[in-house]
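Results of the structural survey
Below, each chain spelled out in residue letters.
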Amino acid sequence: MGGKQDPTANGSPKSESMGAKKASPDLLNSSFSFKSLKLKTKQQELLLRVSILGLVYVLAFIARLFSVLRYESMIHEFDPYFNYRTTLYLTEKGFYEFWNWFDSESWYPLGRIIGGTLYPGLMVTAALIYWTLRFLRFFVHIREVCVLTAPFFASNTTIVAYFFGKEIWDTGAGLVAAALIAICPGYISRSVAGSYDNEAVAIFALLLTFYLFVKAVKTGSLSWALGSAFGYFYMVSAWGGYVFIINLVPLYVLVLLITGRYSMRLYVAYNCMYILGMLLAMQIRFVGFQHVQSGEHMGAMGVFLLMQVFYFLDWVKYQLNDTKLFQTFLRITVTSAILVGGIALGVGTASGYISPWTGRFYSLLDPTYAKDHIPIIASVSEHQPTAWSSFMFDYHILLFLFPAGLYFCFKRLSDATIFIVMYGLTSLYFAGVMVRLILVATPAVCLISAIAVSATVKNLTSLLRTKQKVPQTGSTKGVGSSKSSSKVTLDQSQPFQKNGAIALLVGVFYLLSRYAIHCTWVTSEAYSSPSIVLAARGAHGNRIIFDDYREAYYWLRQNTPTDAKVMSWWDYGYQITAMGNRTVIVDNNTWNNTHIATVGRAMSSYEDEAYDIMRSLDVNYVLVVFGGVTGYSSDDINKFLWMVRIGGGVYPVIKEPDYLVNGEFRVDKGASPKMLNCLMYKLCYYRFGELVTEYGKPTGYDRARGVEIGNKDIKLEHLEEAYTTSNWIVRIYRVKPPTNRL
Amino acid sequence: MMNLSRSVALISLFLLPLLSFSFSVDNPTDRRVLVLLDDLSLKSSHSIFFTTLKSRGFDLDFKLADDSKLALQRYGQYLYDGLIVFAPSTERFGGSLDSKSIADFVDSGRDLILSADTSASDLIRGIALECGVDFDEDSSAMVIDHSSFSVSDGDHTLIAADDLVKSDAILGKTKIEAPVLFRGVAHSLNPTNNLVLKVLSASPSAYSANPSSKLSSPPQLTGSAISLVSVMQARNNARVVISGSLQLFSDRLFRSGVQKAGSPNKYEKSGNEQFATELSKWVFHERGHLKAGSLVHHRVGETDEPAIYRIKDDLEFSVEILEWSGKSWEPYVADDVQVQFYMMSPYVLKTLSTDKKGMFHTSFKVPDVYGVFQFKVEYGKLGYTTLSLSKQIPVRPYRHNEYERFIPTAYPYYGACFTTMAGFFVFSFVYLYHK
C-alpha cells in the first residue's frame, strides 16, 4: 500500500514507461544485476526512481521545444502576447506599478485597469525566474524566460504527478503517471515553448493543490492542509480555472460525508484549506470578494457549514447517549440548517449581494447555453464542444486505459482513489463540453491510466516471478485485450500463465511505445506552430513561411502616429498592442460586450454608417485579416458571421438573415446585397477583383472559400488602403478625415 | 562663388518684406489675388469694387479667363492667396485651370469669390456644386419677385433684397440699411452640407423662372429657399463667396438709388457697395479670423501638465484665443467659449471665463470615471473661424495606496477582529494548560 514494494516488480513498469523513450535496455540489465546485491535493494530502487524521474523531467522539457528549433524563440498565438507585454512592464516598472497599471492603450476610450483585471500569477512567476537568473548573473532577455516558462512548469508538473500517483496508488503508478503526463498531447497543446499562457503554470498549481489536499485528507495534518491552501492561492493567482477546484473539493467532501467516510482528518483538511485558501484568494484583486459573493463559490461555503453541522452533531451524539433523542435532534438540526442556509442564499441572491452564476459557468453545465445567449463565448473556437477525434488525438491509448484505471480504483477504494475518480469523471465531462478543458482532464486521465498500466504490469510481473519457482511448459495463446486477460490469468491458475503474461507484457510495451510515437508526432505536427507565423507546403513540397502578421504590426509601429487608434476584430487586439504598440478599440480581454458589438456593427454596416461609428471612436486605421490569396481559412470573412451575431446582440439593426442567402453564408455572386457592400467585405476584397490568385481561375478567385467573389468593383469613399502585406493576409486601411467642403 | 552667395543674400533681403506680406498662419489676410474675367470691360464696369480691394492693400492680377498662361501654382507653390472668378459665361478656363484645380485651391486653405449670372456655364455651376451650392438648372431662369423688386426700374427681376444674415463677423458692425440690388440666377444650398449658409436670401414671394416666357409648370425654386448670395467656410477655414449675380458688384448698382416696392423708404444709394466690401473683408480673412494657442491644463496648485490624471483630481484648464483684426492679433473677447471633458460623450461641459486679454480658463473636478478623455474646444460661431481643438489625456482610478486606510465606520469590525484574536489566544492558553 504505502509504496514499499519489491523493487523488481516496481522496476518493470518504470522500464516499460521509459522503454518508450529508448532507455530500456540499460535499466532492465541493471535491475537484473542489482538482484545479486540484496542489501542495497532499497538504495537501488531509490536510485532508479530518481534517475527515471530526472529523465522524465528533462524529457518533458525538451519535447516542448519543437517550435523554438523550427521557427525561433517567440511568443505564440494571441493571449500570450498580452501576458508577455504585462511581464515586460512588470520587470521594467516593478510590482507596484504593475499592480496599479491603468492601460490607456487598449479598449479605447474606456481603458483597462490591467492590475485589477488579470491573474498575475504567470507574470510574477516569470518575473521571479527572470530576477533570479539576473541575480545569478545570467543575463537573459525576458522573452526567453517567457518562452520557456511553460516547458519548465510542465517538467515540474511531472514531479507533482509522480507524488500524486504515489499517494493514490504506489510509486510505480507515480512514475508511470509522470512519464505519461510528460508527453501527453492534451497537456503539450497548452505548454509548448512560447505558449506563454495562464494554463502553463495553472495545471501545475491545480495538480499541486489536489495532491496536497489529498495528502492532507490522508494524514489529517494541518501543515499539508496549509500547503494545499497555498497551492490554491497560487492557482487563483494564475488562472480563472480555480473555480474548478473550489467546486470539486467541496463536491468530494460532500461525497465522503454521504458515503459515511466523514473523519476528523477530513474536517481538519477541508476547513483549513477552505478558510485559508479563501482568505488568500481574496488578496488577488481580480477575484476580490467573489468567494463570499458569487454563486459559483457558494457550494464550497455550504459544504463548509455542513461540515460544522456534522461536527456539532458528532459532539451532541457523544454527549447524548439516548439514540431516540438524538434522532429527533438530528431531524430538527438538519431541517433548520437547510432552512437557514436556503433562506440566506435566497435573501442574498434577491438582494443582489450574491451574484448569480455567470454565463461561462452556465455554458459549462449546459453546452447549448452559450450558443443561444452569449455569442461572444460561443464564437471562440476553443469553447466549442469537443469532437471524438480530438479526444483520440489528445489521449490516444489513455482513452481506453482510463476505464481500466477506474476499475482498479473502484477495486481498492480509499479517500484518495475516490478523489481521483471524481476528478477524472467531472473533468472528463467538462472536457466534452469545451475543447480547451481537455487540458484540465489530462492530469486525471494520465493518473488513472497510470494506475491501470502500473497495476497490470505489476500483476503480470509478479505472476512471472512466482512461475519462475515452479516452471511450466506450454504454448502461447493468442491474447485479445490486455486487461481482461490479465484478470483471467490472475483469477485462475492456468497452464499457459507464464507465456500469456509475457505476451501481455509485450503488448503493453507495444502500446506504450505507440503512445510515445503518437505523442511526438502530434507535438511536432500539430501543436508546435506559433500561429503568428504561418507555414504551408509549396507545390514542390518546400516549406513556405507567411510572416504577414509581424510584417503588418511592424508597419503599424513604424509608420503610424504614436497615438493612432486601430480598429480590428478583437482577436488581434493583444497582438497589435504588444507588437504594433498602438491603441486598439477592443482586444482579447472581452470584458465589454457592448464595445465589441460596436466594432462588430461597424464591420457589418455600409461604409458611410461605419464611418460615423469609426469617427465616434476616433479610429485612424482599420485592420482586417484576409486569407483569400493564401487560402488561410481563419480570416475575418470566415469569422464575419460572429461579428454580425455579436453586433446584432446589442444593436438590433444588424440582422443575421440580411447577410445570408437561404441560410447560407456566401461571398460569390449569389451573396446577399448587404453582404456584398458591408465594410468587412469591401475591406477584404478591395482591389482583389483584379488579382489572379490561381492558375486557370478567373480574377478575384478566393482560395480560402474556393469561389469567385461577387463584387469585384469596390470603391472606398471614406477609407483608403494604407498597407497590404506581401501575401495579403493583413490589410490596413486609413480612415480619411471628413471632406473639406462637405 | 562669393559673388553669387552675396547676390543670393541680397535678393533674399529684397524678397523678405515681400514674403512677409504673403498669406500665412500669422498673417491670414490674403495679399495676392487673381481676378478672372471673361471680358476685360468688367474691369471698368466693376471698378469701384476692385478699387476698394486695391486700396485695402490687395495685389490684384487681372487675367482673361481663357488666357492660355493661366496657372494657380508653379513648382507646387501657389501664386495667389485668393481668387475672384467674375467669368460666368466661360465654358473652359485657359492654361491648366479647371474646376478641380479650383477645388484644390480652396482645399489648400485659400479663398474664392465666385459670381455666376444668368446663363452661367456648366463650369461655373460645377465649381459651385463642389462648394455645396446648386444653381437653378434652367440656364435661362432668373430670380423674379413681384413684391420686393426695386421700383426705380420697374423690372421684377431686379430684386431689392434685405434679408441678410445676422452676423457682425460676416457683414461688419455697421448695419446695412439700404436693400441690396440683385439681378441674376437663383441657387439653393445642399441640405447635407452644413458648412454653407445663406448671406442674402430672397423674400418668400420670390421664385426662379425664365422671365421672358410664360410659366408653364410650377418653379423648382421658390421663396426663401432661394439663396442669392451664399458663403461657405470649409473645414480648413478657407472661405468662399458664391453670388448668383455679377451685377451685384457692378458700379451701376453700387451707385443707383433703391426703393423697395411697397416700402416708403427711398435710399439714395443701394446697400450693394457696403455689402460687397464687407463680404470681401470677411472672405479675405480681414475679419472673423480666430487663432487658438494650445490647450493648457494642470492640476490645481501645479504648473506642469501631467501625463495622466486621477479620478476626482481638481484641474485648471486654459486656452488662448486671439482674433485677427486685419493688421494685428487682438485678444478675442467672448463669453460663449466652452470646453468639454469628453469620452464618447461630454462628462464635463463648462463655459470658459475670459480675462479680456485673450486667455480663457476654467477649473473643474475630474469625474469619477476612468478612461481616455479629451479636452475638447469646439467653437463654431457664425462667421468666425471654426476652432476645433482636442487634447487626449487618460484618467486613471485610485492607486492601491490612495484609498483611506482606516474608515471610522469600520471601527466595530476592527474591534471585532482584534477581540477574536485575543479571545482565541486566551482560549488556547486556557484549554491547553487548564487541568
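All chains use their own residue numbering, which begins from 1 and follows the written sequence. As they are written, the chains are lettered A onward and the ligands numbered 1 onward, keeping that order. Only residues with pLDDT of at least 70 are given local features in this predicted model, and only at 80 or more are side-chain atom pairs given and counted; all residues enter the totals for whole chains, interfaces and linings. Just so you know, side-chain values use all the structure's heavy atoms and leave hydrogens and water out.

**Regarding the interface of chain B and chain A**
Any two residues having at least one pair of non-hydrogen atoms within 4.5 Å are treated as being in contact. Contacts between the two partners involve 26 residues from chain B and, on the opposite side, 19 residues from chain A. Here the quantity called buried area is the total loss of accessible area, with a 1.4 Å probe, experienced by two parts when brought into contact, counted for both. For the pair chain B and chain A, the summed buried surface comes to about 2,000 Å²; carbon and sulfur atoms form 54% of the total. Take a side-chain nitrogen of Lys or Arg and a carboxyl oxygen of Asp or Glu: if they are within 4 Å of each other, that pair is a salt bridge. Where chain B packs against chain A, one counts three salt bridges. Where B:Arg399 meets A:Glu97, a salt bridge forms, and the shortest distance between an N and an O atom there is 3.1 Å. Numbered from the N terminus, helices here are DSSP runs of H or I no shorter than four residues, and strands are runs of E no shorter than two. For the side of chain B that touches chain A, the elements supplying multiple residues, two or more each, are helix H4 (99–107), strand E28 (371–379) and strand E29 (387–396) of chain B. If one sorts the elements of the side of chain B that touches chain A by residue count, E29(B) sits on top with four residues. Polar here means any residue outside two lists: the nonpolar Ala, Val, Leu, Ile, Met, Phe, Trp, Tyr, Cys and Pro, and the charged Asp, Glu, Lys and Arg; Gly therefore counts as polar. A class-by-class count of the residues in the side of chain B that touches chain A yields 14 nonpolar, seven polar and five charged.

**Digging into the pairing of strand E16 (residues 239–243) of chain B**
All names here are of chain B. To sort residues, take the accessible area from a 1.4 Å probe on protein chains only and compare it with the maximum for the residue type: under 20% means buried, over 50% means exposed, and anything in between is partly exposed. Of all five residues in E16, five are buried; the element is thus mostly enclosed. Along E16, one buried face is formed by Arg 239, Val 241 and Ser 243 and the opposite face, lined by Val 240 and Ile 242, is buried too. Only strands that DSSP links by at least two bridges are regarded as paired with each other. Where strand E6 (residues 111–115) meets E16, four bridges bridge the pair, whose relative direction is parallel. The residue bridging Ile 113 from the neighbouring strand is Val 241, located in E16. Bridge count between strand E15 (residues 227–233) and E16: five bridges; the pairing is antiparallel. Along E16, the bridge assignment pairs Gln 233 with Arg 239. The antiparallel pairing of E15 with E16 creates a hairpin that spans five residues between the two strands, and Asn 237 there sits at a positive phi of about 70 degrees.

**With respect to helix H13 (residues 242–258) of chain A**
Residue and element names in this part refer to chain A. Residue count minus one, scaled by 1.5 Å, sets the expected span of a helix. A rise of 1.5 Å per residue sets the reference length of H13, with its 17 residues, at 24 Å; its end C-alpha atoms lie 25 Å apart and thus fit the reference within 8%. Most of H13 is tucked away: 12 of the 17 residues are buried. The complete set of buried residues in H13 reads Tyr 242, Val 243, Phe 244, Ile 245, Ile 246, Leu 248, Val 249, Pro 250, Tyr 252, Val 253, Leu 256 and Leu 257. Note on H13: the residue one or two positions beyond its end, Gly 260, has a positive phi of about 75 degrees.

**What to know about the UniProt feature "domain: Oligosaccharyl transferase STT3 N-terminal" (unreviewed entry) in chain A**
Per the UniProt record, "domain: Oligosaccharyl transferase STT3 N-terminal" (unreviewed entry) is found at residues 52–448 of chain A. As a span, residues 52–448 of chain A carries 74% helix and 1% strand, and end to end its C-alpha atoms are 20 Å apart. UniProt positions are given in the numbering used here, feature names are shortened, and annotations may be inferred rather than shown by experiment.

**Re the sheet that holds strand E24 (residues 338–343) of chain B**
Hydrogen bonds along the backbone pair up the strands of a sheet, which may run parallel or antiparallel. Taken in spatial order, the five strands line up as E21-E29-E28-E24-E25 (chain B) in an open sheet, and their pairing is mixed. Edge strands, defined here as strands with exactly one partner in the open sheet, are strand E21 (309–310) and strand E25 (345–351) of chain B.

**Remarks on the layout of surface pockets**
A cavity, in this analysis, means grid points on a 1 Å lattice covering only the protein atoms where a 1.4 Å probe fits yet has no way out; a pocket is instead an open set bounded by protein on both sides within 12 Å along at least five of seven lines, and a residue lines either one if it has an atom within 4 Å of a point. Grid points are joined across faces, edges and corners, and a volume is the space filled by probe spheres set on the points. Each pocket or cavity is described by its volume, and for the second largest pocket that value is around 1,200 Å³. Surrounding the second largest pocket, 39 residues form its lining, A:Arg615, A:Pro738, B:Arg235, B:Glu378 and B:Ser388 being those nearest its centre. Counting only elements with at least two residues in the lining of the second largest pocket, the list comes to helix H30 (607–616) of chain A together with strand E13 (196–201), E15, E28 and E29 of chain B. At five residues, the largest contribution of residues to the lining of the second largest pocket is made by E29(B). Each residue belonging to the lining of the second largest pocket can be placed in one class, and the counts come to 17 nonpolar, 12 polar and 10 charged.

**Focus: the packing of aromatic side chains**
Residues and elements named next belong to chain A. What counts as a ring pair is set by centres within 6.5 Å for rings of Phe, Tyr and Trp (its six-membered ring), and what kind of pair is set by the plane angle: stacked under 30 degrees, edge-to-face over 60, tilted for all other angles. For the structure shown, the criterion picks out 74 aromatic pairs over all chains. Between Phe 210 and Phe 419 the ring centres are 5.0 Å apart and the planes differ by 65 degrees, which places this aromatic pair in the edge-to-face class. Here the residue Phe 210 occupies a position in helix H11 (residues 198–219), and Phe 419 occupies one in helix H23 (residues 415–433), the gap between them amounting to 209 residues. Exposure remark for Phe 419: the relative accessible area of 1% places this residue in the buried category.

**Looking at the environment of A:Thr630**
Residues and elements named next belong to chain A. Within the secondary structure, Thr 630 sits in the loop between strand E7 (621–625) and helix H31 (636–650). Residues Thr 630 and Trp 591, 39 residues apart in the sequence, show an inter-C-alpha distance of 33 Å. Polar contacts involving the side chain of Thr 630 include one to the main-chain amide nitrogen of Tyr 632, which spans 3.4 Å. As used in this structure description, the phrase polar contact means that two N or O atoms lie within 3.5 Å; if the pair is within protein, one of them must be able to donate a hydrogen and the other to accept it, and residues adjacent in sequence are counted only when both atoms belong to side chains.

**Thoughts on the domain arrangement of chain A**
Segmentation of chain A into domains returns domain 1 (197–355) and domain 2 (545–735). Each domain span listed reflects an automatic or database assignment of domains. If you average the C-alpha positions of domain 1 of chain A and of domain 2 of chain A, the two centres end up 48 Å apart.

**Examining unusual backbone geometry**
In this chain, A:Tyr108 is followed by A:Pro109 through a cis amide linkage whose omega measures -5 degrees. In this fold, A:Pro109 is placed in the loop between strand E1 (102–103) and strand E2 (112–113). The backbone phi angle of A:Arg137 is positive, close to 70 degrees, even though this residue is not glycine. Exposure remark for A:Arg137: the relative accessible area of 58% places this residue in the exposed category. Backbone geometry places B:His285, a non-glycine residue, at a positive phi of 60 degrees.

**What about the sheet that holds strand E6 (residues 583–584) of chain A?**
Residues and elements named next belong to chain A. On the basis of which strands lie adjacent, the open sheet formed by five strands has the order E6-E5-E7-E11-E10 and mixed pairing. Two strands close off the open sheet at either side, each with one partner strand: E6 and strand E10 (719–724). Of the strand pairs in this sheet, strand E5 (residues 565–567) and E7 are connected by two bridges, and their pairing is parallel. Residue Val 566 lies in a different strand from E7, and its bridge partner there is Tyr 621.

**Considering the UniProt feature "transmembrane region" (unreviewed entry) in chain B**
According to UniProt, the feature "transmembrane region" (unreviewed entry) maps to residues 411–433 of chain B in the numbering used here. As annotated, residues 411–433 of chain B comprises 100% helix and 0% strand, and the C-alpha atoms at either end are separated by 33 Å.

**Some thoughts on the pairing of strand E27 (residues 359–365) of chain B**
Residue and element names in this part refer to chain B. With burial as the criterion, only one face of E27 is covered, namely that bearing Phe 360, Thr 362 and Phe 364; the residues Met 359, His 361, Ser 363 and Lys 365 on the opposite face remain uncovered. Pairing of strand E22 (residues 314–324) with E27 involves seven bridges; the strand directions are antiparallel. Across the sheet, Glu 316 pairs through a bridge with Ser 363, a residue of E27. Pairing between strand E26 (residues 353–354) and E27: two bridges, direction antiparallel.

**Some details on the confidence of the model for chain B**
If pLDDT is low for a region, its predicted coordinates should not be looked at in detail. Residues and elements named next belong to chain B. Confidence in the prediction of chain B, expressed as mean pLDDT, is 88, and 94% of residues score 70 or more. In predicted models, pLDDT denotes the confidence assigned by the predictor to each residue on a 0 to 100 scale. Taken as a whole, residues 13–22 scores under 50 in pLDDT and shows five contacts with residues more than four places along the chain or in a different chain. Here the predicted complex scores 0.85 on pTM and 0.84 on ipTM.

**Side note on the pattern of salt bridges**
Within this structure, the stated rule accounts for 50 salt bridges over all chains. Between A:Lys215 and A:Glu167 there is a salt bridge, and its shortest N-O distance comes to 3.1 Å. Within this pair, whereas A:Lys215 is found in helix H11, its partner A:Glu167 is found in helix H8 (residues 142–168), the two being separated by 48 residues in sequence. Each of the two residues, A:Lys215 as well as A:Glu167, counts as buried. Between B:Arg396 and B:Glu402 there is a salt bridge, and its shortest N-O distance comes to 3.2 Å.

**Section: the UniProt feature "domain: OST48 N-terminal" (unreviewed entry) in chain B**
Annotation from UniProt places "domain: OST48 N-terminal" (unreviewed entry) at residues 32–283 of chain B. Secondary structure within residues 32–283 of chain B divides into 21% helix and 28% strand; the distance between the first and last C-alpha atoms comes to 13 Å.

**Side note on the confidence of the model for chain A**
Residue and element names in this part refer to chain A. Looking at chain A as a whole, the pLDDT averages 87, with 91% of positions reaching at least 70. At the low end of the mean pLDDT range in chain A sits helix H1 (residues 7–19), at 40; at the high end sits helix H12 (residues 222–238), at 96. Across residues 1–29, confidence stays below pLDDT 50; counting only partners more than four residues off in sequence or on other chains, it has 53 contacts.

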